[in-house]
Amino acid sequence: MTLFVISVLPMGRWNMNKWYENRGIDDDVVVSTQMTILRNLHNYDYAPKITDSDSLKLIEEVSKAFYSENESYLKLYQFLRLDTLRRHQRAYWAEHQVIDESALEPERPQALIVSASQSSGLFINGDNHLQIRVVLRGRQIGKAFERIQFLDEKMSRHLTYAYSKKYGHLTTAPADLGTGMHVSYLMRLPMTQKAGLIGAVNERLLQSGFAIRLVKDISSKNAGNIYEIYNKKTLGVTEGGILDTADSFAEQLIRQERELRTAYLNEDSISCADSAYKAYGILKYAKKLTIEEAVEALGYLEQGILSRTVLLNEKMDVFPMMIEIQPESLAEAVGHQMDINEENCARAAYIQERLPELVRA
């Protein structure tokens, strides 16, 4: 079977909830748990030296290994040749946190194998031969590790990884040697930022081989006070050590953010309510919304919902909407590509169709 001709379902056409549509543990602060492991095969050159012909052979070998054990995987996981897609189609997968921005401009034949929920998959021929990735909503590091370990072990039964007894898993970049595992929490930290504590948090993280950075959305360059907590060190540490440290810092930040939120409400609940109601008005009545305007307003509204300074007539989960109003995700929902003016009008209409009504005091 030649896997390059697997029939490909249109983007977003599975009858299954996507990972970002399912609520998760502590998701009032933790947006998502992301985990990747990097692997290379011993019998191929590493990027960027690998040739296009070897890249195609590698895609075939990895794909056959993935689909060989169970035919049901052909229905559960979609195969895509990323380099044959248009850029806006690749951007769709980046918006859904399935691939990184680096895959938007492929330098060689690349492929993606992705689950129906978009929560797990394999990216083939990026900076490393194989990047196995899992993303889950909220704080779910244990479940993410179980899933990524299952996929890693599945692939290792059919492929021979490049491995050194001294350095562990061999990777293109020396900084990724060892476990080859990267763990991150995306966390919404508006109160921590407002209190000017991000620098102090980063100092504590760096002492343990971790760091914090503001998330830059691929289209808006503004992700609404979302920060990524991630490990910088993969060599000389164990997978369990990385997981424990990441989760310990996440727990501290969750507690800090909630305490700051409560203190802010006690000191100035009017300002919190004012920002949330103004944001609601923009979302409710605007005829056009740029992605920056929409993300910012949704962020303020979410703070109002979490603090209960704004009451709606039905529950509203803000984060999925932040994904769905991204340019390519919105184009997928509308059914065609749009110019910027049409996109901004469509974004406003899309939000208003799904925005609950206010409960009047």
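Numbers given to residues run from 1 along each chain, matching the order in which its sequence is written. Under the rules for a predicted model, residues below a pLDDT of 70 receive no local features and side-chain atom pairs below 80 are neither given nor counted, while totals for whole chains, interfaces and linings still include all residues. Only heavy atoms go into the side-chain values, all of them from the structure, while hydrogens and water stay out.

**Student:** What am I meant to see in the pairing of strand 1 (residues 30-39) here?
**Tutor:** Remark: a regular strand shows side chains that alternate across the two faces of the sheet. Exposure categories follow from relative accessible area, calculated using a 1.4 Å probe and restricted to protein chains: below 20% of the type maximum is buried, above 50% is exposed, and the middle band is partly exposed. Each helix is a run of H or I in the DSSP string that is no shorter than four residues. Each strand is a run of E no shorter than two, and both are numbered from the N terminus. Burial analysis of strand 1 places 10 of its 10 residues in the buried class, the great majority of the element. For two strands to pair, DSSP has to find at least two bridges joining them. Sheet topology places strand 1 next to strand 5 (residues 130-137); 8 bridges connect them, and they run antiparallel. The residue bridging Ser 32 from the neighbouring strand is Arg 137, located in strand 5.

**Student:** Any chance you could explain the nonpolar core here in plain terms?
**Tutor:** In this text, buried Ala, Val, Leu, Ile, Met, Phe, Trp, Tyr and Cys residues form a nonpolar core when linked through side-chain atoms within 4.5 Å. Within the largest apolar cluster, 51 residues are counted, with the highest numbers of intra-cluster contacts made by Met 35, Val 62, Phe 66, Ile 132, Met 155 and Met 187. The contact criterion used throughout is that any non-hydrogen atoms of two residues lie within 4.5 Å. If we skip the residues at most four places from it in the chain, Phe 66 touches Tyr 73, Tyr 77, Ile 113, Leu 122, Leu 151, Lys 154 and Met 155. Of all hydrophobic cores here, the second largest spans 28 residues; its members include Leu 301, Met 321, Ile 325 and Ala 348.

**Student:** Please clarify how the packing of aromatic side chains should be interpreted in this entry.
**Tutor:** The description of two aromatic rings rests on the distance between their centres and on the angle between their planes. Aromatic pairing here means that ring centres of Phe, Tyr or Trp (its six-membered ring) are within 6.5 Å. Orientation follows from the plane angle: under 30 degrees is stacked, over 60 is edge-to-face, and everything else is tilted. Under the definition given, this model contains 8 aromatic pairs. Look at Trp 19 and Tyr 20: their rings are 5.7 Å apart centre to centre, the planes differ by 90°, and that puts the pair in the edge-to-face class. Both rings, one in Tyr 92 and one in Trp 93, keep their centres 5.1 Å apart while their planes meet at 90°; by these two values the pair is edge-to-face. A relative accessible area of 0% places Trp 93 in the buried class. In this structure an aromatic cluster arises from ring pairing among Phe 66, Tyr 67, Tyr 73 and Tyr 77. Put simply, a charge is over a ring when the Lys NZ or the Arg CZ is close to the ring centre, within 6 Å, and near the line of the ring normal, within 35 degrees. It is Lys 154 that lies over the ring of Phe 66; its NZ or CZ is 5.1 Å from the centre. Note that Arg 354 overlies the ring of Tyr 350, its terminal NZ or CZ placed 3.5 Å from the centroid.

**Student:** What should I look at first to understand the packing of helix 3 (residues 87-95) against helix 10 (residues 327-334) in this one?
**Tutor:** Axis angle and axis distance: for two packed helices, these are the angle between their axes and the distance between the axes, and together they describe the pair. Close contact between helix 3 and helix 10 brings their axes to 7 Å; oriented N to C, the two are set at 110°. In terms of orientation, helix 3 lies roughly perpendicular with respect to helix 10. Together, His 88, Ala 91, Tyr 92 and Glu 95 of helix 3 and Pro 327, Glu 328, Ser 329 and Glu 332 of helix 10 make up the contact between the two elements. Following the grouping adopted for this structure description, the nonpolar residues are Ala, Val, Leu, Ile, Met, Phe, Trp, Tyr, Cys and Pro, the charged ones are Asp, Glu, Lys and Arg, and the polar ones are all others, Gly among them. For the contact of helix 3 with helix 10, the class distribution of residues is 3 nonpolar, 2 polar and 3 charged. Think of each axis as a best-fit line through the C-alpha atoms, taken over the contacting stretch in the case of a helix, with angles from 0 to 180 degrees between the N-to-C directions. Our angle categories are set so that under 35 degrees counts as roughly parallel, over 145 as roughly antiparallel, 65 to 115 as roughly perpendicular, and the remainder as oblique.

**Student:** Hey, could you run me through empty space enclosed by the protein in this one?
**Tutor:** One water molecule sets the probe size; rolling that probe over the atoms shows where empty space is left. Buriedness for pockets is judged along seven lines, at least five of which must meet protein on both sides within 12 Å for an open set on the 1 Å grid over protein atoms alone, while cavities are sets there where a 1.4 Å probe fits but cannot get out, and lining residues have an atom within 4 Å of a point. Grid points are joined across faces, edges and corners, and a volume is the space filled by probe spheres set on the points. Under the counting rule described, the total for this entry stands at 2 cavities of 30 Å³ or more. Here the largest cavity defines a volume of roughly 120 Å³. Lining of the largest cavity is provided by 13 residues; of these, Pro 190, Glu 257, Arg 261, Gln 303 and Leu 306 occupy positions nearest its centre. If you list the elements that add at least two residues to the lining of the largest cavity, you get helix 5 (190-194), helix 7 (239-285) and helix 8 (291-307). Take the lining of the largest cavity: its biggest share by element is 5 residues, from helix 7. Looking at the lining of the second largest cavity residue by residue, the class counts come to 4 nonpolar, no polar and 5 charged.

**Student:** Hey, could you run me through helix 7 in this one?
**Tutor:** Because the α-helix completes a turn every 3.6 residues, residues three or four places apart line up on one side. An expected span of 1.5 Å times one less than the residue number is assigned to each helix. Taking 1.5 Å per residue, 47 residues should reach 69 Å; helix 7 reaches only 49 Å between its end C-alpha atoms and comes up short. Largest kink in helix 7: about 105°, centred on Asp 268. Two axes are fitted around each residue, one to the seven residues ending there and one to the seven starting there, and the angle between them is reported as the bend at that residue.

**Student:** Can you walk me through the sheet that holds strand 1 in this structure?
**Tutor:** One open sheet accounts for 8 strands, arranged 2-3-4-5-1-8-10-9; its pairing is antiparallel. Two strands lie at the open edges of the sheet, namely strand 2 (77-81) and strand 9 (210-214), each paired on one side alone. Averaged over all pairs of adjacent strands, the angle between their axes in this sheet comes to 20°, without regard to strand direction. Pairing of strand 2 with strand 3 (residues 111-115), which is carried by 5 bridges, proceeds in the antiparallel orientation. What sits directly across from Arg 81, in strand 3, is Ala 111. Lying over the sheet, helix 4 (residues 141-156) contacts strand 1, strand 2, strand 4 (120-124), strand 5 and strand 8 (181-188), oriented at roughly 155° with respect to strand 5.

By themselves these figures say nothing about function.
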